[in-house]
Amino acid sequence: MQIIYNALRTPDGTILCSKHRHDYNTHIDANGKEYMVDGGLDYARRSANGDEECLTLYDDAPHSIQRETLKWGTYGINGDQPLKYVPISEMDTAHLEAVVKTPGIRRAIRNCMIKELECRQDIHRTTAAQVFGVENDEATADQRRSAKAINFGLIHGMEIK
């Protein structure tokens, strides 16, 4: 398993995130208890006080969780905005496609982004998720088949009554 997001939440709600190997973050709460997270995506090193919540995410987590948790640094579409970390679910499709083609991206993160692109491109799976009230990656083949019939019916003049 590979880490795709390394973070923890302290009891006071502070989220500490480590984005790369040398990204060491600490927090001291009102009681003087220290928390830390380190290692980025290479290794997970965290404080072990016992009262923090582990938010570290691995590549075998469901895609519905990955797409909301995994954040990617972006300078905006034109590259002229301040650096901001956004969940991949909020990234523009063209931006996702560009990142996936970039050499040097970790395999686990690339796979997560490719799966996000696949979910966006499968209109029948998206319709199935909406009709049956499930996440895109949870729609079954039978639900997708039913949604496909709905989509083609609407294209060919079927009306909703």
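Right, let's walk through the structure included here. (Residues numbered from 1 in each chain as written. Predicted model: local features only at pLDDT ≥ 70, side-chain atom pairs only at ≥ 80, totals over all residues. Heavy atoms only, no water.)

Position of Asp-42 relative to the elements: it lies in the loop between strand E4 (34-38) and strand E5 (45-46). For the pair Asp-42 and His-22, spaced 20 residues apart in the sequence, the C-alpha separation amounts to 9.7 Å. Among all residues touching Asp-42, those that are not within four sequence positions of it are Arg-21 and Arg-106. One polar contact links Asp-42 to Arg-21, side chain to side chain, over a distance of 3.1 Å. One polar contact links Asp-42 to Arg-106, side chain to side chain, over a distance of 3.1 Å. (Helix = DSSP H or I, 4+ residues; strand = E, 2+ residues; numbered from the N terminus. Contact = heavy atoms within 4.5 Å. Polar contact = N/O pair within 3.5 Å; in protein donor to acceptor, adjacent residues only side chain to side chain.)

This part covers the pattern of salt bridges. It is possible for side chains bearing opposite charge to pair when their charged atoms get close. Applying the stated rule across the entire model yields eight salt bridges. Between Asp-51 and Lys-33 there is a salt bridge; the shortest N-O distance is 3.1 Å. Placement of Asp-51 in the loop between E5 and strand E6 (53-54) and of Lys-33 in the loop between strand E3 (25-28) and E4 is noted, with a sequence separation of 18 residues between them. Residue class for Lys-33 comes out partly exposed when judged on its relative accessible area of 34%. Among the salt bridges present, the one from Arg-67 reaches Glu-68, with a minimum N-O distance of 3.3 Å. (Salt bridge = Lys/Arg side-chain N within 4 Å of Asp/Glu carboxyl O. Buried < 20%, exposed > 50% of the residue type's maximum accessible area, 1.4 Å probe, protein only.)

Judged by pairing direction, the sheet is antiparallel, and its three strands sit side by side in the order E3-E4-E5 without closing on themselves. With partners counted over all chains shown, the strands left at the sheet margins are E3 and E5, one partner each. Of the strand pairs in this sheet, E4 and E5 are connected by two bridges, and their pairing is antiparallel. Looking at E5, one finds that Asp-38 is bridged to Arg-45. (Pairing = 2+ DSSP bridges.)

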